[in-house]
Amino acid sequence: GKSLPVEPKAVHAAQAPTPLVEVRRVLGILRPQSSEVFVDYGCGDGRWLVETARTYGCAAIGVELDPVKVAMAREAMSTAPAGVKGQTNRMGLLG
């Protein structure tokens, strides 16, 4: 027989911001170069973007689904020191 269409269910994963000490530890391992672009999918409040751009001088791009978190990340990037470059985009689910 025919199968019924299945509606996709929204999936909400718990999110807890990464402590800044852990962000710095991981970035110290990655050691991004100023000529590179750092992309953070699910950037949340933008702390990875700001720390990467501030400490390593690379461009930082954040992608986030939640418009409230996009606003938070944009605010964080706007308060970063002069010379920090970055952007945050809201991206919808495909399909």
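First, a word on scope: everything that follows refers to the structure included in this document. (Residues numbered from 1 in each chain as written. Predicted model: local features only at pLDDT ≥ 70, side-chain atom pairs only at ≥ 80, totals over all residues. Heavy atoms only, no water.)

1. Some points on the overall build of the protein
At step 1: For the protein, the count of helices and strands is three helices and three strands.
At step 2: For the protein, the succession of helices and strands along the chain, N to C, is α-β-α-β-α-β.
At step 3: For the protein, buried positions account for 28% of its 95 residues.
At step 4: Of the contacts made within the protein by residues no fewer than 6 positions apart, 58% connect residues no fewer than 24 positions apart. (Helix = DSSP H or I, 4+ residues; strand = E, 2+ residues; numbered from the N terminus. Buried < 20%, exposed > 50% of the residue type's maximum accessible area, 1.4 Å probe, protein only. Contact = heavy atoms within 4.5 Å.)

2. Examining the environment of alanine 73
At step 1: Its location among the elements puts alanine 73 in helix α3 (residues 67–78).
At step 2: Spatially, the C-alpha atom of alanine 73 lies 7.9 Å from that of glycine 62, the residues being eleven residues apart in sequence.

3. What about the nonpolar core?
At step 1: In terms of nonpolar packing, the biggest core is built from 13 residues, with Leu27, Phe38, Trp48, Leu49 and Val50 touching the most fellow members.
At step 2: Counting only elements with at least two residues in this core, the list comes to α1 (20–30), α2 (47–56) and α3.
At step 3: If one sorts the elements of this core by residue count, α2 sits on top with four residues.
At step 4: Beyond its immediate chain neighbours, meaning those up to four positions away, tryptophan 48 contacts Thr18, Val23, Val26, Leu27, Phe38 and Asp40. (Core = buried A, V, L, I, M, F, W, Y, C linked by side-chain atoms within 4.5 Å.)

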